[in-house]
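# Descriptive structure summary
In case you want the letters, here they are:
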Amino acid sequence: MSNAGKFLVYCIELYKNAKSLNGKQVMELFTKYNVSEYIYDCFEALHTTGDNYIINDIDLFIEARQN
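What this report covers is the structure whose coordinates are included nearby. Here the residue index of a chain counts from 1 through its sequence in written order. Totals for whole chains, interfaces and linings use all residues, but because this is a predicted model, local features are given only for residues with pLDDT of at least 70 and pairs of side-chain atoms are given and counted only at 80 or more. Based on all heavy atoms of the structure, the side-chain values leave hydrogens and waters out of the count.

Fitted lines through C-alpha atoms serve as axes, helices being fitted only where they are in contact, and the angles separating the N-to-C directions of these axes extend from 0 to 180 degrees. The secondary structure listing takes helices from DSSP runs of H or I that are at least 4 residues long and strands from runs of E that are at least 2 residues long, numbered from the N terminus. One way to put it is that helix α1 (residues 3-19) packs onto helix α2 (residues 23-32) with a least axis distance of 9 Å and a crossing angle of 115 degrees. The angle between α1 and α2 places the two elements in the roughly perpendicular class. The handedness of the crossing between α1 and α2 is right-handed. Where α1 abuts α2, its residues I12, Y15 and K16 lie against G23, V26, M27, L29 and F30. When residue character is reported, Ala, Val, Leu, Ile, Met, Phe, Trp, Tyr, Cys and Pro are called nonpolar, Asp, Glu, Lys and Arg charged, and the others, Gly included, polar. Of the residues that constitute the contact of α1 with α2, the class distribution is six nonpolar, one polar and one charged. Geometric relationships in this document are graded by angle, where less than 35 degrees denotes roughly parallel, more than 145 denotes roughly antiparallel, 65 to 115 denotes roughly perpendicular, and other angles denote oblique. It is the rotation of the near helix from the far one that decides the hand of a crossing: anticlockwise by less than a right angle makes it left-handed, clockwise makes it right-handed. For this analysis, residues touch if any pair of their heavy atoms sits within 4.5 Å.

Take a look at the structure:
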């Protein structure tokens, strides 16, 4: 698995725990809003940030697509 793939798994687990969701709920959310693609595309920048930043960034990404 690539580093970006490992990071995606990490982000899924991080988001799941932060939002008290199960894996299925996170994957449905990530699929609906193309979050996984975003994480892959922004891997180089995102993997250097902290956990809180990642969670907030995913929230902002989802929020922007809901409107």
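The discussion continues.
So, about the packing of α1 against helix α5 (residues 51-66). One can describe the packing of α1 onto α5 by two numbers: an axis separation of 10 Å at closest approach and a directional angle of 85 degrees. Taken as axis vectors, α1 and α5 run roughly perpendicular relative to one another. Each of F7, Y10, C11, L14, Y15, A18 and K19 in α1 lies in contact with α5, whose residues at this interface are D51, I54, I55, I58, D59 and I62. The class makeup of the residues in the contact of α1 with α5 is ten nonpolar, no polar and three charged.

Another point: the nonpolar core. Grouped together as the largest cluster of nonpolar side chains are 20 residues, with contacts concentrated most on F7, Y15, F30, V35, I39 and I58. Contributing elements (two or more residues each) for this core: α1, α2, α3 (35-41), α4 (43-46) and α5. Sorting elements by how many residues they give to this core places α1 first, with seven residues. Residues in contact with F30, not counting those within four places in the same chain, are I12, Y15, V35, S36, I39 and I58. The criterion is simple. A nonpolar core is a set of buried Ala, Val, Leu, Ile, Met, Phe, Trp, Tyr and Cys residues joined through side-chain atoms within 4.5 Å. Buried, partly exposed and exposed residues are distinguished by accessible area as a fraction of the type maximum, computed with a 1.4 Å probe on protein chains only: under 20%, between the cut-offs, and over 50%, respectively.

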